[in-house]
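Listed below, chain by chain, are the residues.
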Amino acid sequence: MYGERRQLDMPACIGNGSCYCYLDMLYVLVLRLNCSITMPSTYNKIHRLKSQGWTWPEFLAEIAQVSVHSIDEKTLYSNFRLPHRKPNRLLEETINQLHEKYFPSPFPKEVEGLITLYNHLVSAKNYRTQDDDIELLKQFVWAELEQDQPQYDLRYSRLAWLAANIEFDRIAYCRDNGLVEKLADSQKSALKWFQQAKRAIVHCKQSLQINIEPFVIYKLTQNMLACYLNAIPSSNRLDNEDLKRFIDSSDYIAETKQMLALEPFQWGIARNGLRFSSLLKDADDCEYFFRALVTANKHFADLNYQLPGLLSIAESDDFKWTLGIINNKT
Amino acid sequence: MNFKQRFILVLTAFVFVLASGCSNVGPESDARDSDVLGAEQKQERAQESESLVPAPTSKARIEELKSEKRSSGSDDMERLD
């Protein structure tokens, strides 16, 4: 389904310049993968769609319009209710299509395709030439950015985002393997590209009056913060000066509260707000974000509640300071 | 002595040689066999006991992954696309 949509978009997007030869090849790969973008989660997308005011029968009717396969109400509802529930492929693809219909990405589709391709490349197992291929992709993206620099449009922004992602994904590896210099380089480069991406988007929104959801810009702020956090082993994160400086300069806590007011179902945002309030030892914000987390989903009232690939709040070092406060309140 | 008698004589001699040969090597061979047999039995018992050790359950694997996560210092933030 995803492949078909991309196929329709191809002629308008590619084949009009030598630099697109590589894109042609990548498109073929994306089509072969017939993949779907997994982030943000299906849980968030279902909530975002539902928050338009749809009843469940209306939701199912909308699904019927975009998909030939039917999805039963129980499956849809359980994926709405349970953040830890892994959606099946059919539901994930259908929700992606519906989400794209009502909340289309503002970025050019050919660059979205590159991001999808990179996500599959970086998460592939037993891929012999993975590092070399990522390096090739990085060189291509950097070359494109150099050409685009004066334009400062959404294409440039998304390419810068991809360049940042490539560097970002190296941070944890460098940290765990004691590659101090490479860690600093990757962190610096990721931050630079995320900042460039943000600057370009803000320019498009303010000067060109392009409608861009606040969450798109917020994601970049959070990614920059993640560049600082992930570079530090969890045992050294408490009271870390770099983190404090960035949080103060970026107004992250205030932005996070605004985002939660707009989309209270975003448990990931609430969890990260709680994490940084704990690391900065701010008791009031800890209370605020814990309440927001439980509002997002009541399962988080249990501090041992665990989602696949995440430590529970009770287990994670980042939340140690806040545990006392939460336990006292509850 | 006709051919039949000669044949019986040769056959008897062969049986005698065979019987005496077996009686000479018997005790040592038994000992060696029992050694080999004992080793085999021990190996079988070891294999049986190995097979009785429970295979890692999914819960154990989850714990393993958690401890890997802890040792790598990571409750890391995922990037958002």
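Calculation rules
Throughout this description, residue numbers start from 1 for each chain and increase along the sequence as written. By the order in which they are written, chains take letters starting at A while ligands take numbers starting at 1. This being a predicted model, a pLDDT of at least 70 is required before a residue's local features are given, and a value of 80 or more before pairs of side-chain atoms are given or counted; all residues contribute to the totals for chains, interfaces and linings. Each side-chain value is derived from all of the structure's non-hydrogen atoms; neither hydrogens nor water enter the calculation. Strands here mean DSSP runs of E at least two residues long; helices mean DSSP runs of H or I at least four residues long; both are numbered from the N terminus. Residue exposure (1.4 Å probe, protein chains only): buried if accessible area is under 20% of the type maximum, exposed if over 50%, otherwise partly exposed. For every accessible area listed, the method is Shrake-Rupley and the probe measures 1.4 Å; residues are considered covered only by the protein chains on display. Angles run from 0 to 180 degrees between N-to-C directions of axes, and those axes are lines fitted to C-alpha atoms, restricted for helices to the stretch in contact. For classification, angles of less than 35 degrees are called roughly parallel, those exceeding 145 degrees roughly antiparallel, those between 65 and 115 degrees roughly perpendicular, and all remaining angles oblique. What makes a crossing left-handed is the near helix being turned counterclockwise from the far one by less than a right angle; a clockwise turn instead makes it right-handed. Working rule for contacts: check all heavy atoms of both residues, and any pair within 4.5 Å makes them a contact. Think of it as three bins: nonpolar holds Ala, Val, Leu, Ile, Met, Phe, Trp, Tyr, Cys and Pro, charged holds Asp, Glu, Lys and Arg, and polar takes everything else, Gly as well. Buried area is understood as the total, over both parts, of accessible area removed when two parts are fitted together, assessed with a 1.4 Å probe. Note on definitions: salt bridges are taken to be side-chain nitrogens of Lys or Arg within 4 Å of carboxyl oxygens of Asp or Glu. Polar contact is defined as a pair of N or O atoms within 3.5 Å, subject to the rule that within protein one atom must be able to donate a hydrogen and the other to accept it, and that residues adjacent in sequence are counted only when both atoms are side-chain atoms. Each aromatic pair joins two rings of Phe, Tyr and Trp (for Trp, the six-membered one) with centres within 6.5 Å, and gets the label stacked for planes under 30 degrees apart, edge-to-face for over 60, and tilted for any other angle. In this scheme, the term charge over a ring applies when either NZ of a lysine or CZ of an arginine sits within 6 Å of the ring centre and within 35 degrees of the ring normal. Two cysteine sulfurs form a disulfide in these notes if their separation is within 2.5 Å.

Examining the overall build of chain A
Phase 1: Check the secondary structure of chain A and you find 16 helices and 0 strands.
Phase 2: Here chain A holds 330 residues, and the buried ones make up 51% of them.
Phase 3: A total accessible area of about 15900 Å² is found for chain A, and carbon and sulfur atoms account for 52% of it.

Section: the packing of helix 11 (residues 214-230) of chain A against helix 13 (residues 252-262) of chain A
Residues and elements named next belong to chain A.
Phase 1: Put simply, helix 11 and helix 13 touch, their axes get as near as 11 Å, and they point 140 degrees apart. Judged on the interaxial angle alone, helix 13 and helix 11 are oblique. Seen along the crossing, helix 11 lies across helix 13 with a hand that is left-handed. On helix 13, the residues touching P214, F215, Y218, T221, Q222 and L225 of helix 11 are Y252, E255, T256, M259 and L262.
Phase 2: Across the contact of helix 11 with helix 13, the residue classes tally to 7 nonpolar, 3 polar and 1 charged.

Quick notes on the interface of chain B and chain A
Phase 1: Every contact between the two is made by 13 residues of chain B and, on the other side, 34 residues of chain A.
Phase 2: Both faces considered, chain B and chain A share a buried interface measuring about 2000 Å² in area, 45% of it formed by carbon and sulfur atoms.
Phase 3: On the chain B side of the interface with chain A, the three residues burying the most area are B:M77, B:R79 and B:D81, jointly 42% of the side's total.
Phase 4: Counting the contacts that link chain B with chain A gives 5 salt bridges.
Phase 5: One salt bridge connects A:R175 with B:D76, and the closest N-O pair in it is separated by 3.0 Å.
Phase 6: Run the count over chain B and chain A and you get 14 residue pairs in polar contact (both at pLDDT 80 or more).

Overview of the pattern of salt bridges
Phase 1: Scanning the entire structure with this criterion turns up 24 salt bridges over all chains.
Phase 2: Residues A:R275 and A:D318 are paired through a salt bridge, measuring 2.6 Å at the closest nitrogen-oxygen approach. Of this pair, A:R275 sits in helix 14 (residues 267-279) while A:D318 is found in the loop between helix 15 (283-296) and helix 16 (320-329), placing the two residues 43 residues apart along the sequence.
Phase 3: One salt-bridge network, in which partners are shared between bridges, spans A:R175, A:D176, A:R237, A:R271, A:R275, A:D318, B:D75 and B:D76.

Some remarks on the packing of aromatic side chains
Residues and elements named next belong to chain A.
Phase 1: One pass over the full model with this rule turns up 17 aromatic pairs over all chains.
Phase 2: When the centroid spacing of 6.3 Å and the interplanar angle of 20 degrees are considered together, the rings of Y218 and Y252 count as stacked. Placement of the pair is Y218 in helix 11 and Y252 in helix 13, with a sequence separation of 34 residues.
Phase 3: Members of the aromatic cluster, connected to one another through ring pairs, are W54, W56, F59, Y77, F80 and Y102.
Phase 4: Just above the ring of W142 sits the side chain of K138; from NZ or CZ to the centre is 4.8 Å.
Phase 5: Geometry around Y288 places K257 over its ring, the cationic atom sitting 4.7 Å from the centre.

Some remarks on helix 16 of chain A
Phase 1: All of the buried residues in helix 16 of chain A are A:T322, A:L323, A:I325 and A:I326.
Phase 2: If you follow the buried residues of helix 16 of chain A, they end up packed against helix 14 and helix 15 of chain A.

Notes on the state of the cysteines
Phase 1: A complete count under the given rule lists 0 disulfides over all chains for this structure.
Phase 2: The thiol of A:C227 is unpaired, and the distance to the nearest cysteine sulfur, on A:C174, comes to 12 Å.

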